[in-house]
Amino acid sequence: GTTSIENQVFTSKVSVFPNPTSSQTSISFPTGYEMYKISIFNMLGEVVYTKDVAGEGLGFNHVESIDLSSMASGIYSVIIEASGIKAVKKLVVQK
């Protein structure tokens, strides 16, 4: 359906950089949705970071900076959700 195509398009426009990183990363995502929820999960599936970002008044492509200095080395899943669509990206933290 439309959702899966919209999901793919959205996911293709989401980027996480630098990746791998040691202390900070940025998530760039396309705007045009009302509300965004950013979640980061560790390998055990525990939420280690979450933030809601209002879509209103953002530029064409928004970049959200995230401080990872308290996070241990490992592979994390970055999930960004907006209006029923979802992008999942892997993030590697190397100390």
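Throughout, a residue's number is its position along its own chain's written sequence, starting from 1. Local features are withheld for residues below a pLDDT of 70 in this predicted model, meaning they are given only at 70 or higher, and side-chain atom pairs are given and counted only at 80 or more; totals for whole chains, interfaces and linings count all residues. Water and hydrogen atoms were dropped before computing side-chain values, which therefore reflect all heavy atoms in the structure.

1. With respect to unusual backbone geometry
(1) Moving on: With an omega dihedral of -15°, the bond running from Phe17 to Pro18 counts as a cis peptide bond.
(2) Moving on: Cis geometry marks the peptide bond from Asn19 to Pro20, where omega comes out at 10°.
(3) Moving on: The topology assignment puts Pro20 in the loop between β1 (15–17) and β2 (24–30).
(4) Moving on: A positive phi angle is found at Ser83, which is not glycine, with a value near 45°.
(5) Moving on: Helix and strand definitions here come from DSSP, where helices need a minimum of 4 consecutive H or I residues and strands a minimum of 2 consecutive E residues; each element is numbered from the N-terminal end. Positionally, Ser83 belongs in the loop between β6 (74–82) and β7 (85–93).

2. Focus on the sheet that holds β6
(1) Moving on: Two strands make a pair as long as DSSP finds a minimum of two bridges between them. Within the open sheet, the four strands sit side by side as β4-β3-β6-β7. Their pairing is antiparallel. At either margin of the open sheet sits one strand with a lone partner, and together these are β4 (47–54) and β7. Neighbouring strand axes in the sheet, compared pairwise and without regard to direction, differ in orientation by 15° on average.
(2) Moving on: Summarising the sheet, strand β3 (residues 35–41) and β4 pair through seven bridges and their orientation is antiparallel. Paired with Tyr36 across the strands is Val53, a residue of β4. Only the stretch in contact is used when a helix axis is fitted, and all axes are lines through C-alpha atoms; the angle between N-to-C directions ranges over 0 to 180 degrees.

3. Considerations on the pattern of salt bridges
(1) Moving on: By definition, a salt bridge exists where a carboxyl oxygen of Asp or Glu is found within 4 Å of a side-chain nitrogen of Lys or Arg. Inspection of the entire model under this criterion finds one salt bridge.
(2) Moving on: Glu64 is the partner of Lys51 in a salt bridge, and the nearest nitrogen-oxygen pair spans 2.4 Å. On the criterion of sequence distance, the pair formed by Lys51 in strand β4 and Glu64 in strand β5 (residues 61–67) is long-range, its members being 13 residues apart.
(3) Moving on: Buried means the residue's accessible area, taken with a 1.4 Å probe over protein chains only, is under 20% of the maximum for its type, while exposed means over 50%, and partly exposed covers the values in between. Judged by its relative accessible area of 34%, Lys51 falls in the partly exposed class.

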